[in-house]
Amino acid sequence: VRAPVRWAWSAASRWLCACTLSALTHIPVALSQTEASTQLAVDIAPQPLSRALENLAHQSGLEVVYLSDVIQDQTTQGAPAGTAARDALAQLLDGTGLTFRYLNARMVRILTGEAPLETVVVIGTRLMPARPAVAAPTDAERLRLTAFDEEIEQRIARGQLLYGRAELDSYLQRIAARLLSADGSEAGCVGVRVIKGADASAFALSNGSIYVTTALLESLGSEAEVAAVLGHEITHYANDHVLRGLREEDRRTLVARSASMLAWLAVGVAEKHAGLASPHTTAQVPDQVLRMWARASMTGYSENLEREADDRSVRRLIAAGYDASGAVTALRHLSEQVPPGRFVNPPPLYASHPQLARRLSSYRDLLAGRLATAVAAGGELRRSEYAAQIAGLHLDQVAILLQAGDFDRADTTLDAVIGADSARAEFLRGEIARRRDPGAPAGSARALAAYERAVRLPDPPAEAFREQGYLYWRGGDFAAARAAFASYLARAPQAADAPMVRSYLEQPPSGSSSTKAGAAP
Ligand SMILES: [Zn+2]
């Protein structure tokens, strides 16, 4: 059982509070029993209703949507462990005067008793509003945007940030094409690629390039969820948000800056989150610029543009035949990833608390309000397809977190990998133990044990033998060290460090070299 959500997100109706439209149109739903019959693993305590509903979603996967002013400051008596999700929801609402109705198998809408009947059904092309008219970029703006895009992409290339799994990129590309078909857009106008990143993030450039980090993919659970993220980024591109963002910022003129400054920051953040060494990029950036970056750069447009991106994202999701609950689940999954206090500055796109809470609230408002009647019963989640596509990514993410020096998350991620009994998993376990507390005897012993398990499993990484060799050598077991080094060299004769490892083998035989224990050449 994962820890319950720690942060209370306010039910404050910040965006769509004026929208009190409530639809009571009954949509008959053939309930898949999965969500509705999932039992609570732990009690839901008496608490504010909004938090209790978060907890229910967390435990059961049943997403609950409502207009933000429906819940307000209601509280609940809670529900005990063992209760089926549907009954738990009824218990949570007991005494509040609220009722609920299934929108589809995975999404429930909370209603007030006296909500008016809603007859407008939003379907088909009416789902996607026309793009807002935006004045074409001036030559100066075009130059700025191009310079920005080019600098970002060059630095992604230079930093070797691309994850580089062609099948995964083209899978995401197919999802984007399906979403674009919702408003008849040409499938090739965006190009989706995965970049290595320790933190969940995604951004779109004005040239149509969309980047999503491995951490983001790792934290999502279905194709519908990743489609919600892509739909958001597609809107940033398709509705000229970079250009509009630049114009909004220019009007504010809070901080003098240039596109190259933004690009520099953007990649600094990406590199930092990928765990790539670039201490110079983020360390020296003044706070004022970071705040500006957080607000105005690609990791967060104005509230207005973000709301537009979320609105179109849900509409695309529905129009493309995905289960709209994916939009809520994606943000919930991402918000559950963020430990309190992290990301003081700069907040990556999907990991900033206030932004996520606000966006969750906005999604719920949309789905419980204007789009409630458009939510179809047959939308797809495609969980298993998604799981198959990212199966290989989990251990890579452990390695990325390890590289970023985030040992706790590397450990947690490794523990969560299903079937983590592979040689590579054991090697990574060893690496975490060794690097978490370098030179400490207990850590070295744990690391050595993990490397020893790794080399006994099929297809061990060559590095497991090398690291084993170093630890044997340090422990004075030179014969074992030599055997391990020889195995490493047999597997990786061309490795950059092969000459150095070979130099161990050329040292005098064990016994006479005991004084060299611990002294690497
Ligand atoms: Zn956005």
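So, here's what we can say about the structure. Since the structure is predicted, the reported quantities are computational estimates derived from the model, not experimental observations.

Counting its regular elements, the chain contains 23 helices and eight strands. Looking at the 521 residues of the chain, the share that counts as buried comes to 55%. Pairs at least 24 apart in sequence give 72% of the contacts found in the chain among residues at least 6 apart.

Next up on the list: the sheet that holds strand β7 (residues 202-204). The strand order across the open sheet built from three strands is β6-β8-β7, with neighbouring strands paired in mixed fashion. In the strand order of this sheet, the two ends are held by β6 (191-195) and β7, each with one partner. For this sheet, the mean angle separating the axes of adjacent strands, direction not counted, is 15 degrees. In the sheet, β6 pairs with strand β8 (residues 209-213) via five bridges, with the strands oriented parallel. Across the sheet, residue Gly191 finds its bridge partner in β8, namely Ser209. Sitting on the sheet, helix α5 (residues 139-158) touches β6, β7 and β8, and the angle it makes with β8 is about 40 degrees. Docked against the sheet, helix α8 (residues 223-238) engages β6, β7 and β8, running at close to 30 degrees with respect to β7.

This paragraph deals with helix α2 (residues 49-60). Between its terminal C-alpha atoms α2 stretches 16 Å, which fits the 16 Å expected from 12 residues at 1.5 Å a residue. Most of α2 is tucked away: 11 of the 12 residues are buried. Inspection of α2 places Leu49, Ser50, Ala52, Leu53, Glu54, Asn55, Leu56, Ala57, His58, Gln59 and Ser60 among the buried residues, and these make up the whole buried set. Gly61 sits one or two residues past α2 and shows a positive phi near 80 degrees.

What follows covers the packing of helix α20 (residues 441-456) against helix α21 (residues 462-474). Here α20 crosses α21 at 140 degrees, and the two axes come no closer than 9 Å. It follows from the interaxial angle that α20 and α21 lie oblique. As for how α20 packs across α21, the hand of that crossing is left-handed. Here Ser444, Ala447, Leu448, Tyr451, Glu452, Ala454 and Val455 of α20 lie close against α21, whose contacting residues are Ala464, Phe465, Glu467, Gln468, Leu471 and Tyr472. Counted by class, the contact of α20 with α21 contains nine nonpolar, two polar and two charged residues.

Looking now at the coordination of the zinc ion. At this site the zinc ion is bound by His232 (NE2), His236 (NE2), Glu306 (OE) and Glu306 (OE), with donor distances of 2.0 to 2.6 Å. For the zinc ion, the four donor atoms in the first shell make angles of 54 to 137 degrees at the metal, a pattern classed as irregular.

In this structure, Leu172 and Leu217 are the most contacted members of the largest nonpolar core, which totals 77 residues. When sequence neighbours within four positions are dropped, the list of residues in contact with Leu217 reads Leu168, Leu172, Val194, Val212, Val226, Tyr386, Ile390 and Leu393. If you look at the next biggest cluster of nonpolar residues, it comprises 23 residues, including Ala462, Tyr472, Leu489 and Ala498.

In this model α5 runs 28 Å from its N-terminal to its C-terminal C-alpha over 20 residues, within 8% of the 28 Å that 1.5 Å per residue would give. For α5, the full list of buried residues reads Glu141, Leu145, Phe148, Asp149, Ile152, Arg155 and Ile156. Viewed along the axis of α5, the buried residues span an arc of 140 degrees, placing them on a single side of the element. Residues of α5 that are exposed and point over 90 degrees away from its buried face: Asp139, Ala140, Leu143, Ala157 and Arg158. The positive-phi residue at the C-terminal boundary of α5 is Gln160, with phi of around 50 degrees.

About the criteria used
Residues numbered from 1 in each chain as written. Predicted model: local features only at pLDDT ≥ 70, side-chain atom pairs only at ≥ 80, totals over all residues. Heavy atoms only, no water. Helix = DSSP H or I, 4+ residues; strand = E, 2+ residues; numbered from the N terminus. Buried < 20%, exposed > 50% of the residue type's maximum accessible area, 1.4 Å probe, protein only. Contact = heavy atoms within 4.5 Å. Pairing = 2+ DSSP bridges. Axes fitted to C-alpha atoms, helices over the stretch in contact; angles between N-to-C directions. Expected span 1.5 Å × (residues − 1). Parallel < 35°, antiparallel > 145°, perpendicular 65-115°, else oblique. Left-handed = near helix turned anticlockwise from the far one by under 90°. Nonpolar A, V, L, I, M, F, W, Y, C, P; charged D, E, K, R; others polar. Donors = N, O, S within 2.8 Å, 3.2 Å for Na, K, Ca; no water. Tetrahedral: all angles 85-135°; square planar, octahedral: opposite > 155°, others 65-115°. Core = buried A, V, L, I, M, F, W, Y, C linked by side-chain atoms within 4.5 Å. Arc of directions from axis to C-beta.

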